[in-house]
Amino acid sequence: MKFKKFIVPALCMAMLSMGCSSTDPVKPNDGGDGGTNENVENGLQVTTSTTVINANGQDAARIKVYYDKVEQSLDAVAFYDAKSNDALDLSKFTIEDNTLVYSVTEPGEFSFWVAYKTHNTKDRPTTISAVEFSVPDAPEDPQPDNTSFVHRVLITQFTGLGCGYCPFMIAALEDVRKSDEYADKFVLAACHTYSGDPFQPDVALDNAMGVNSYPYVNFDFQTGFGNFGYNSNVSNIKKNIDKSLSVDAGAGISVGMEVSGNQLVARATVKASRSGSFRVGAWVLENGLTGTQANYGMKGDYEFNTHNNVIRHVNSRYSGSDYSGYEVGALAAGGVGEHLFTITLDKNWNVKNCHVVFFVTELVGKGYVVTNAIDIPVKSSTIPFEYR
């Protein structure tokens, strides 16, 4: 049976709020403080019906707190402002059926964390953004009964202007992308984390992925390799793409996006092709950045001083150094979950050259790996599921 869930421990990061989650009807539980929700992870979790609302005084986010899947009474939970760490007075909020209801008439952000007994969410606060324009709807599913999706690999390229061996990987990636066989099989994101690079992203993805040599390419948060020379790099890129694509995509992605001024709001919908636990993330990339690239001998007709697909902003932090995305919950085959992202577009970016990579990760063993990815330009648009 198909079903829809929005379940996420929402987080706050600089320049964004993210995540959309809601809870299924809870089940009675004789041993807990409230009902249970099997789709919420263990530990202390905050769920919210949405993390983006219209600042019209009517649209609202509904917030619940769970510990080990059991809904907790708000009387037993302390709420704190994420910026000041001051305790919040819940008497100033509307509470209905053990649910905190948040609505406002002015645009802005409400960021908080909660504490229950000896546990807290201070390292992953929840943020609700209020905007002055309508939140985008999910694109209509053109084939509701289909779960066979076009599958693309996410390649994260670790590089830098001062890295003299990086052109050997840059050239290899460019030529693989130009080939008819592989052109549409992967999405590329360039992470400029080498030695104080001027185009560094806003988080240390190299540390998060354990990268300590350059150049380096990672495939779907799983395998990767360094520089072995141009020809070997081309061969290894193709082999790793083929390896990732040998397993069918675990989910598809559709996106409804609205851009107003420097505010971007995107509703990413994840549809599972098999039962599993899924997360979703978004990275803002920019093309056309210029900077002198060190080069230790790679020759050819390449624009090494023009840098494309540069990661400008990472919107996928689960907790700590885990950037595998935000919980969409446990989905059955054909089930869908949604996640809302809000991003403030930096004035220093050339927005016309920006695009967003949305990716879905799936729990495999003890970790989350990318199971599909799409890349879309920054503009108001609707991108439906893409089926094979």
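Keep in mind the model is a prediction, meaning the values are calculated, not measured.

**Points about the overall build of the protein chain**
Each helix and strand counted, the protein chain has 3 helices and 28 strands in total. In terms of overall dimensions, the protein chain is globule-like: its C-alpha atoms have a radius of gyration of 21 Å, near the 21 Å expected for 388 residues. When its C-alpha atoms are laid out on the principal axes, the protein chain stretches across 65 × 45 × 40 Å. Total accessible area on the protein chain stands at roughly 16200 Å², and carbon and sulfur atoms take up 46% of it. Between the mean site of the 31 positive side-chain charges and the mean site of the 44 negative ones, the protein chain shows a separation of 4 Å.

**Section: the layout of surface pockets**
For the largest pocket, the calculated volume is near 360 Å³. I170, E174, T306, N308 and N309 are, among the 18 residues lining the largest pocket, the residues nearest its centre. Elements represented by at least two residues in the lining of the largest pocket include exactly β14 (153-159), α1 (166-178), β15 (186-192) and β22 (306-307). With 5 residues, the top contributor of residues to the lining of the largest pocket is α1.

**Brief notes about α1**
With 13 residues, α1 extends 18 Å from end C-alpha to end C-alpha; this agrees with the ideal 18 Å at 1.5 Å per step. Of the residues making up α1, those classed as buried are C166, P167, F168, M169, I170, A171, A172, L173 and V176. Looking at the packing, one finds that the buried side of α1 touches β14, β15, β16 (216-219), β17 (223-226) and α3 (230-245).

**Overview of the environment of V40**
Counting through the fold element by element, V40 comes out in the loop between β3 (16-18) and β4 (44-48). Given the relative accessible area of 2%, V40 is considered buried. It is 8.3 Å that separates the C-alpha atoms of V40 and A330, two residues lying 290 residues apart in sequence.

**Quick look at the environment of V52**
For V52, the location among the structural elements is in strand β5 (residues 52-54). By relative accessible area, V52 is classed as buried at 2%. The spacing of V52 and D175 is 123 residues in sequence and 40 Å in space, taken between C-alpha atoms. When neighbours within four sequence positions are excluded, V52 is seen to be in contact with S129, V131, V135, V265, L340 and T342.

**Considering the side chain of S381**
With respect to the helices and strands, S381 occurs in strand β28 (residues 381-383). The buried category is assigned to S381, whose relative accessible area is 16%. At 3.1 Å, the side chain of S381 forms a polar contact with the backbone oxygen of K379. Setting aside its immediate chain neighbours within four residues, S381 contacts V255, G256 and M257.

Thresholds applied
Residues numbered from 1 in each chain as written. Predicted model: local features only at pLDDT ≥ 70, side-chain atom pairs only at ≥ 80, totals over all residues. Heavy atoms only, no water. Helix = DSSP H or I, 4+ residues; strand = E, 2+ residues; numbered from the N terminus. Rg over C-alpha atoms; globule rule 2.2 N^0.38 Å. Areas by Shrake-Rupley, 256 points an atom, 1.4 Å probe, with all protein chains shown as cover. Lys, Arg positive; Asp, Glu negative; His and termini not counted. Charge placed at Lys NZ, Arg CZ, Asp CG, Glu CD. 1 Å grid on protein atoms, 1.4 Å probe; cavity = no way out; pocket = protein on both sides within 12 Å on 5 of 7 lines; lining within 4 Å. Points joined across faces, edges and corners; volume = space filled by probe spheres on them. Expected span 1.5 Å × (residues − 1). Buried < 20%, exposed > 50% of the residue type's maximum accessible area, 1.4 Å probe, protein only. Contact = heavy atoms within 4.5 Å. Polar contact = N/O pair within 3.5 Å; in protein donor to acceptor, adjacent residues only side chain to side chain.

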